[in-house]
Structures are given as C-alpha cells and as structure tokens.
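# Architecture at a glance
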Protein chains: 2
Amino acid sequence: MSRTDLKKFDCSVAQTLDQIGEWWTLLILRDAFHGIKRFDDFQEQLEISPTVLSARLQSMTKNGILEKRKSKTDGRAFEYVLTEKGLDLYPVLLTLMAWGDKYSPNAAGPRMELLDKKTGRPIQSIHVLSEDGRRLSAKDVYVKTAAGTDQRMASLINYRAKA
Amino acid sequence: MSRTDLKKFDCSVAQTLDQIGEWWTLLILRDAFHGIKRFDDFQEQLEISPTVLSARLQSMTKNGILEKRKSKTDGRAFEYVLTEKGLDLYPVLLTLMAWGDKYSPNAAGPRMELLDKKTGRPIQSIHVLSEDGRRLSAKDVYVKTAAGTDQRMASLINYRAKA
C-alpha cells in the first residue's frame, strides 16, 4: 500500500498512519524520545541501513515530526530533534509499549521504569476514561457520525448500528 | 525490515510493532473495532486486495488478536472477531486517532464522536497522567532501567543520561 492509498481515507487513524505507519519510523521515534539526535547514533542503536534511515528521517522532517538543525556542540554535525508535533506522539508510543509489556513481557520483569520528573514516582499506565473518570474498554464506547464524517466513514460507523 | 529483525529488539514497543506494525493491520483493527467481522466487508470497506487481506487476517489470527469462527447466522461463513488481546489495542487506536484529529483535521469538524455507553457523554481524550493525576508530556517523564532491561535497551536508556 502506498502513502497515496492511505490519504484517500478521511480518517484520523489513517492520516496518522500515513505519517508514522511504518515500524522503522516508530522505532526512530522511540529512540528520539530516549534523547537520540544524531544520524550515527540512530544507526548504531537500530542497526538500520543508512539509506533507509536517511529516507525515514527526511520524511519525518518533511512531516514536521522532527526538526533538522545544526548541532550546538559541533557546527558541522546535524541533529534531528522532536518538534511539538513529534512530542505529541508520546501517548502513541506509551500505548504500544503497554500492550507489548502485557502480551510480550520479558520474563525478568519490566523493561524500563517511567518516572515523573517532578515527584520521582511511576507514571500512570494509559487508560481510556469516561468523563467522570471510569476506566473504559472498547466495549463501553459507541460511535456516532459528526460534522467531519465523510461518506466512507459514515458507512463504517453505521456498520455497527446495522450489524 | 522483516519480522525476524524486529524480534531482536527486546523492547515492548518493538514487540508490539512485530504484531501490528503495518498500516493494513492497523486499518483492519480499526474496522474490527467498528464491528466489521466478515472478509467481504473488510474488503469492501478497505478496498484491499483479497491476497493482502487474507494474509493479514491470518497473521492477526495466529497472533491471537482476532479469532476466526463460524458465523452464527450463516454456518458456511466465517467471522473474524476481536479477542481480549485484540480489544486491548483500543488505546493504541485512540492515540493514533487523537493525533490525526489534531494534526490532520477535517475542516468540517470531528470525524466521529466517541460516547460512553453508560452515560451517552463524550469520553475523555487520552493523556499520560502522573500518579496524582496531572497531565504529563514526554518532557515530564524520565526513564530508568528495570529488572527486564537487556543490554541494548540499557544503552538506549543510558543515552539520555549521558547526553
């Protein structure tokens, strides 16, 4: 499936996948959240081919997820730094991680601890919450069309109503 | 990158991507959350080739995300139904959707409304929360090694400490 195909779905999930729906991109993101900025460091950490890495970094920069800028410590080197748009992908990474923790755990225990800088305490795991703070599963939620629903999406949303 | 490559990363994100890190899989999941169960309905909704759809459904079934079972209404037909493991991917879909809503909106408005079955009220958007309920961004969180951290992950986690 090419990116062109994905664009035809006027769906927020598809629009996101159009920009990050490729595992290398998500692993590069993961490393960027761990503070990696330099081409060589991404390459060493991911054991990724320079050609693939270069293409992915270029596309993430073009999409405004990373910003390419000169290194402050070495004027000849470049760094790829998460933009605000990139930083906003943090919940996506955390939900991917939580599911991996649950269904593909490491027998020795958690693979990392995520701690709140302010308090040093573990952060909460991510949940879908109701307006009044109850934890919801997919089965507790229903979907309705809204102002931005196109015909294709309406057919998807109405499928459940019909089924 | 083949799935074999992804397995080498003992990382919860990589382990998840090994199972769902491919956009067709995530769009199939999206449709399954909308209640789609039948091969023909997935195909019609996604305009996906039968060969690709069949391969993806098979891999999702093998990974325990979908269960293939005989239709209750038509004994000759099969249905693909989300398992509990599959249902647990709901937060992943919602975080993908929220980011798409924010950065690739439809000018006419939201593409759908997500409502709480119990109250009929909109659900909360997904946030990373501290133990005491404050909303956190990636910059508010730090990472430490834990019992299940392997050498590769330790090098990633310690990168920030060093940088």
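Reference entry: report on the structure contained in this document. On a predicted model such as this, the values are computed, not experimentally measured, just so you know.

## Structural notes on the relation of the copies chain A and chain B
Mapping chain A onto chain B calls for a rotation angle of 180 degrees and an axial translation of 0.0 Å; the resulting RMSD is 0.0 Å. The transformation relating the two chain copies, once decomposed into turn and shift, fits a two-fold axis. Interface overlap between copies is the fraction of interface residues in one copy that are interface residues in the other; for chain A against chain B it reaches 100%, indicating a shared surface.

## Comments concerning helix H5 (residues 50-62) of chain B
All names here are of chain B. In this model, H5 (13 residues) spans 18 Å end to end at C-alpha, consistent with the 18 Å of a helix rising 1.5 Å per residue. Where H5 is concerned, the buried positions are Arg 56, Leu 57 and Met 60. End-on view of H5: buried residues confined to an arc of 100 degrees, all on one side of the axis. Exposed side chains of H5 directed beyond 90 degrees from the buried face belong to Pro 50, Thr 51, Ala 55 and Lys 62. Taken together, the buried residues of H5 touch helix H3 (23-33), strand E1 (66-70) and strand E2 (78-82). Directly after H5, the chain includes Gly 64, whose backbone phi takes a positive value near 75 degrees.

## A closer look at the interface of chain A and chain B
Contact residues are listed per partner, giving 82 residues for chain A and 82 residues for chain B. Of all elements in the fold, only helix H2 (12-20), helix H3 (23-33), helix H6 (84-87), helix H7 (90-103), strand E3 (112-116), strand E4 (128-129), strand E6 (141-145) and helix H8 (151-162) of chain A reach the threshold of two or more residues within the side of chain A that touches chain B. The element contributing the most residues to the side of chain A that touches chain B is H7(A), with 13 residues. Here the residues of the side of chain A that touches chain B are counted per class, giving 45 nonpolar, 19 polar and 18 charged.

## Describing the packing of H3(B) against helix H4 (residues 39-46) of chain B
Residue and element names in this part refer to chain B. As a packed pair, H3 and H4 sit with axes 11 Å apart at the nearest point and diverge in direction by 115 degrees. Compared by their axis directions, H3 and H4 come out roughly perpendicular. Crossing of H3 against H4: the hand is right-handed. Counting all contacts with H3, which are made through Leu 27, Ile 28 and Asp 31, the residues of H4 involved are Phe 42, Gln 45 and Leu 46.

What counts, and where the lines are drawn
- Residues numbered from 1 in each chain as written.
- Chains lettered and ligands numbered in written order.
- Predicted model: local features only at pLDDT ≥ 70, side-chain atom pairs only at ≥ 80, totals over all residues.
- Least-squares fit on C-alpha atoms with pLDDT ≥ 70 in both.
- Contact = placed C-beta atoms within 7 Å.
- Helix = DSSP H or I, 4+ residues; strand = E, 2+ residues; numbered from the N terminus.
- Expected span 1.5 Å × (residues − 1).
- Buried ≥ 20, exposed ≤ 12 C-beta atoms within 10 Å, placed from the backbone.
- Arc of directions from axis to C-beta.
- Nonpolar A, V, L, I, M, F, W, Y, C, P; charged D, E, K, R; others polar.
- Axes fitted to C-alpha atoms, helices over the stretch in contact; angles between N-to-C directions.
- Parallel < 35°, antiparallel > 145°, perpendicular 65-115°, else oblique.
- Left-handed = near helix turned anticlockwise from the far one by under 90°.

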